[in-house]
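As a plain string of letters, each chain reads:
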Amino acid sequence: MITLTQKFSTFIFQSFSIEAKLDENIFFTIEHFVDVIKVCLQPTDSVTKKTLKALKAPSATELHHAGVKFEARPSSKNLFEIKFNNGVLEIPRLRIVKATEPLFRNVMAFEQRRSPHTHITDYVNMIELLMVSPKDADLLVQKEIIENWLSGGKAVTSLFHNLIKETPTDLGDFYFSKVVEDLNSYCRGRWHRWKATLQEEYFKTPWAVVSIIAAVILLVLSFIQAVCSVLQVVFM
């Protein structure tokens, strides 16, 4: 059963590592198939948690417009290694197939009833915050964070919306509270939005950069010419 669980879960959760999590003591406390997956998906690192006023964060598209860069973490062995530093959001890869929803749903139901921590529920909530619309899902697919085996971006967003529907979340013990807070803080900064707009609208290609530099040079030369003309009139 352990081997089958490993193969099945590794197919979906590409950051899944069973050997590092199951020692002899844990093995004898496992109750069934879902418990194996839950134990093996637990975070390996402790994080600083903050009480959130509301479970709200910018979507992937909004983050992109604010200048946030997305990076997949294909080598990560921990599904919970979602990190945000210096404008870069790193997320372990996740493969979305038909079995993803029932697998998540069963693990979430198990931890809601039998576990003091709801890490899987927190993870699903975090991904759902990023994927408000199909455009968000398509962006994460483009960044190779999501590997979508379903019909399209709408199917992926619907999957996560359905998973968190009527699922309670403890705002005082949310595993990704610091990530959420940092993302909100970053997007509130006007400079990041201005910088992203400049890069997206005016610096898309080298020719655009050359054109802007040329325009600035012409503007400076025009200003110098105007100043010289004024000085010439004054000192005549």
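Data block above holds the structure.
Description of the structure in this document. Keep in mind it's a predicted model, so treat the numbers as computed, not measured.

1. Let's talk about the packing of aromatic side chains
Line of reasoning, step 1. Counted according to the given criterion, the structure contains eight aromatic pairs.
Line of reasoning, step 2. Aromatic pair F80 and Y123: ring centres 6.1 Å apart, planes at 65°, arrangement edge-to-face. Taken together, the positions of F80 in the loop between strand 1 (69-73) and strand 2 (83-85) and Y123 in helix 6 (residues 119-130) put the pair 43 residues apart, joining distant regions of the chain. Side by side, F80 and Y123 carry an identical accessibility label, which is buried.
Line of reasoning, step 3. Members of the aromatic cluster, connected to one another through ring pairs, are F80, F104, Y123, F160, F174, Y175 and F176.

2. Brief notes about the sheet that holds strand 1
Line of reasoning, step 1. Reading across the sheet, the three strands line up as 1-3-2 and stay open at both edges, with mixed pairing between neighbours. This sheet does not close on itself; its edge strands, each paired only once, are strand 1 and strand 2. Adjacent strand axes in the sheet meet at a mean angle of 20° when their direction is disregarded.
Line of reasoning, step 2. By the bridge criterion, five bridges tie strand 1 to strand 3 (residues 88-92) in an arrangement that is parallel. Across the sheet, residue R73 finds its bridge partner in strand 3, namely P92.

3. What to know about helix 6
Given 3.6 residues to a turn, an α-helix orients residues that are three or four positions apart in the same direction.
Line of reasoning, step 1. Its twelve residues place the ends of helix 6 17 Å apart at the C-alpha level, agreeing with the 16 Å of an ideal helix rising 1.5 Å per residue.
Line of reasoning, step 2. With twelve of its twelve residues buried, helix 6 lies for the most part within the structure.
Line of reasoning, step 3. Three or more residues of helix 6 are buried, namely H119, I120, T121, D122, Y123, V124, N125, M126, I127, E128, L129 and L130.

4. Quick notes on the layout of surface pockets
Any empty space left between the atoms is revealed when a probe the size of a water molecule rolls over them.
Line of reasoning, step 1. The space that makes up the second largest pocket amounts to roughly 220 Å³.
Line of reasoning, step 2. If you go around the second largest pocket, you meet 14 residues; those closest to its centre are V47, I82, K83, K178 and V179.
Line of reasoning, step 3. For the lining of the second largest pocket, the secondary structure elements donating two or more residues are strand 2 and helix 9 (177-188).
Line of reasoning, step 4. Here the element with the most residues in the lining of the second largest pocket is helix 9; it accounts for four residues.
Line of reasoning, step 5. For the lining of the second largest pocket, the residue count by class is seven nonpolar, four polar and three charged.

5. Some remarks on the side chain of N78
Line of reasoning, step 1. Along the polypeptide, N78 turns up in the loop between strand 1 and strand 2.
Line of reasoning, step 2. By relative accessible area, N78 is classed as buried at 3%.
Line of reasoning, step 3. A distance of 2.9 Å separates a polar side-chain atom of N78 from the backbone nitrogen of F80.

6. Looking at the nonpolar core
Line of reasoning, step 1. Among the nonpolar cores identified, the biggest contains 49 residues, and I82, L89, Y123, M126, F160 and F176 are the most heavily contacted of them.
Line of reasoning, step 2. It is helix 6 that provides the largest number of residues to this core, a total of seven residues.
Line of reasoning, step 3. Sequence-distant contacts of F160, that is, excluding residues within four places in its chain, are made with L94, I96, V124, I127, E128 and M131.

7. What to know about helix 8 (residues 153-164)
Line of reasoning, step 1. Taking 1.5 Å per residue, twelve residues should reach 16 Å; helix 8 reaches 17 Å between its end C-alpha atoms and fits that length.
Line of reasoning, step 2. Within the span of helix 8, buried status applies to G153, V156, T157, L159, F160, L163 and I164. Taken down its axis, helix 8 places every buried residue within 150° of arc, on the same side.
Line of reasoning, step 3. Buried residues along helix 8 sit in contact with strand 4 (94-96), helix 5 (100-114), helix 6, helix 7 (134-142) and strand 5 (146-148).

8. Overview of the pattern of salt bridges
If charged atoms from side chains of opposite charge come close, those side chains can pair.
Line of reasoning, step 1. Taken as a whole and assessed by the stated rule, the structure comprises eight salt bridges.
Line of reasoning, step 2. Measuring nitrogen to oxygen at the nearest pair gives 2.9 Å for the salt bridge that ties D182 to K178. Highlighted residues: D182 and K178, both in helix 9, separated by four residues, approximately one helical turn.
Line of reasoning, step 3. Accessibility expressed as a relative area gives 23% for D182, which makes it partly exposed.
Line of reasoning, step 4. What emerges from the salt-bridge pattern is a single network uniting R73, E81 and E90.

Parameters at a glance
Sequence positions are assigned chain by chain, starting from 1 and proceeding in written order. Reporting of local features is limited, given that this is a predicted model, to residues whose pLDDT is at least 70; pairs of side-chain atoms are given and counted only at 80 or more, and all residues count toward the totals for whole chains, interfaces and linings. Hydrogens and waters are ignored; side-chain quantities use all the structure's heavy atoms. Ring geometry is summarised as follows: Phe, Tyr and Trp rings, the Trp one being its six-membered ring, pair when their centres sit within 6.5 Å, and such pairs are stacked at plane angles under 30 degrees, edge-to-face over 60 and tilted between the two. Secondary structure follows DSSP: runs of H or I at least 4 residues long count as helices, runs of E at least 2 residues long count as strands, and numbering of each begins at the N terminus. The rule is simple: take the accessible area with a 1.4 Å probe, protein chains only, and divide by the maximum for that residue type; under 20% is buried, over 50% is exposed, in between is partly exposed. Only strands that DSSP links by at least two bridges are regarded as paired with each other. As a rule, the C-alpha atoms of each element are fitted with a line to give its axis, helices using only the stretch in contact, and angles between N-to-C directions run from 0 to 180 degrees. Here the expected length of a helix is defined as 1.5 Å per residue gap, with one fewer gap than residues. Definitions used for this entry: grid spacing 1 Å over protein atoms alone; cavity, a set of points where a 1.4 Å probe fits but cannot get out; pocket, an open set with protein on both sides within 12 Å along at least 5 of 7 lines; lining residue, one with an atom within 4 Å of a point. Grid points are joined across faces, edges and corners, and a volume is the space filled by probe spheres set on the points. Throughout, the ten residues Ala, Val, Leu, Ile, Met, Phe, Trp, Tyr, Cys and Pro are labelled nonpolar, Asp, Glu, Lys and Arg are labelled charged, and all others, Gly among them, are labelled polar. Under this definition, polar contacts are N or O atom pairs within 3.5 Å; protein pairs additionally need one hydrogen-donor-capable and one acceptor-capable atom, and for neighbouring residues in sequence, both atoms have to be side-chain atoms. We call a set of buried residues a nonpolar core when its members are Ala, Val, Leu, Ile, Met, Phe, Trp, Tyr or Cys and they connect through side-chain atoms within 4.5 Å of each other. Whether two residues touch is decided by their heavy atoms; if any such pair falls within 4.5 Å, the residues are in contact. This arc describes the spread of directions from the helix axis toward the C-beta atoms. Any carboxyl oxygen of Asp or Glu that lies within 4 Å of a side-chain nitrogen of Lys or Arg is treated as forming a salt bridge with it.

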